[in-house]
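# Fold and contact review
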Amino acid sequence: MKDMGVLHYCLGVSVTIKDGVLQISQEQYIGKIMRKYKLQDCKTVSTPMDFNVKLVKDDGYSKPVYVVQYQSMVTVALSTSESEYIALRFATQEAVWLRQLMKDLQMDCTTATTIYEDNQGAIAMSRNPVLHKRTKHIDIKYHFIREKTQDGTIELKYCPTNEMLADILTKPLSKGQFEYLRCKLGLIQGHIE
């Protein structure tokens, strides 16, 4: 392996360190895509997804129940709490894997990994070891979350929906909410030519 000096560009990402701040940008890549598809003169929008688009039940795209798909496994959830609980299981698996990687690299990971969740029903399911009518149909593998919270590997914390940073990547947001979350992430708006 050869030391090539300070990183400037890698896999379509421009990297700059200025005044101790690491800045990454895909401005060149986005510009290239815009030129390729002749979109240089298109109108700009304030958010990446249209907040006003509403899907209807039988349009071929929306589903009447929440479906969580991870790799090749598909599970149908009957409520948003169940859907979030199932997603928490996958987040927990990833956290456990990352913690093991950190241990393999001799990095400290003695404190619990925090997973933020905006659905209080899902958090309640993870804390209640009693299976009752509402959760008895959930496959036992999803209760892995309970085990990992009880042994201190992960910690679930409630995060109000309007503070959930992941929403900027997964949901259409109003301009104000989009800009608020973008600011909380420390992102700045670049200029594309």
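Notes on the structure follow.

## Examining the nonpolar core
Ranked by size, the top nonpolar core spans nine residues in total: Tyr85, Leu88, Ala95, Ile115, Ala122, Met125, Ile145, Ile154 and Leu156. Listing elements by their share of this core, those giving two or more residues are helix 2 (80–104), helix 3 (120–127) and strand 7 (154–158). For this core, the element with the most residues is helix 2, which contributes three residues. In contact with isoleucine 115, other than residues within four places in its own chain, are Leu88, Ala91, Thr92, Ala95, Ile154, Glu155, Leu156 and Lys157.

## Concerning unusual backbone geometry
Of note in this structure, leucine 11 is not a glycine but carries a positive phi near 50 degrees. Here leucine 11 lies in the loop between strand 1 (9–10) and strand 2 (13–18). For leucine 11, a relative accessible area of 82% gives the class exposed. For lysine 38, which is not glycine, the phi torsion reads 55 degrees and is therefore positive. Along the polypeptide, lysine 38 turns up in the loop between helix 1 (27–36) and strand 4 (66–70).

## Remarks on the sheet that holds strand 2
The three strands lie next to each other as 1-2-3, forming an open sheet whose pairing is antiparallel. At either margin of the open sheet sits one strand with a lone partner, and together these are strand 1 and strand 3 (21–25). When strand 2 meets strand 3, the two strands line up antiparallel, connected through five bridges. In the strand pairing of strand 3, lysine 18 is matched with valine 21.

Here is what the cut-offs are and how they apply
- Residues numbered from 1 in each chain as written.
- Predicted model: local features only at pLDDT ≥ 70, side-chain atom pairs only at ≥ 80, totals over all residues.
- Heavy atoms only, no water.
- Core = buried A, V, L, I, M, F, W, Y, C linked by side-chain atoms within 4.5 Å.
- Buried < 20%, exposed > 50% of the residue type's maximum accessible area, 1.4 Å probe, protein only.
- Helix = DSSP H or I, 4+ residues; strand = E, 2+ residues; numbered from the N terminus.
- Contact = heavy atoms within 4.5 Å.
- Pairing = 2+ DSSP bridges.

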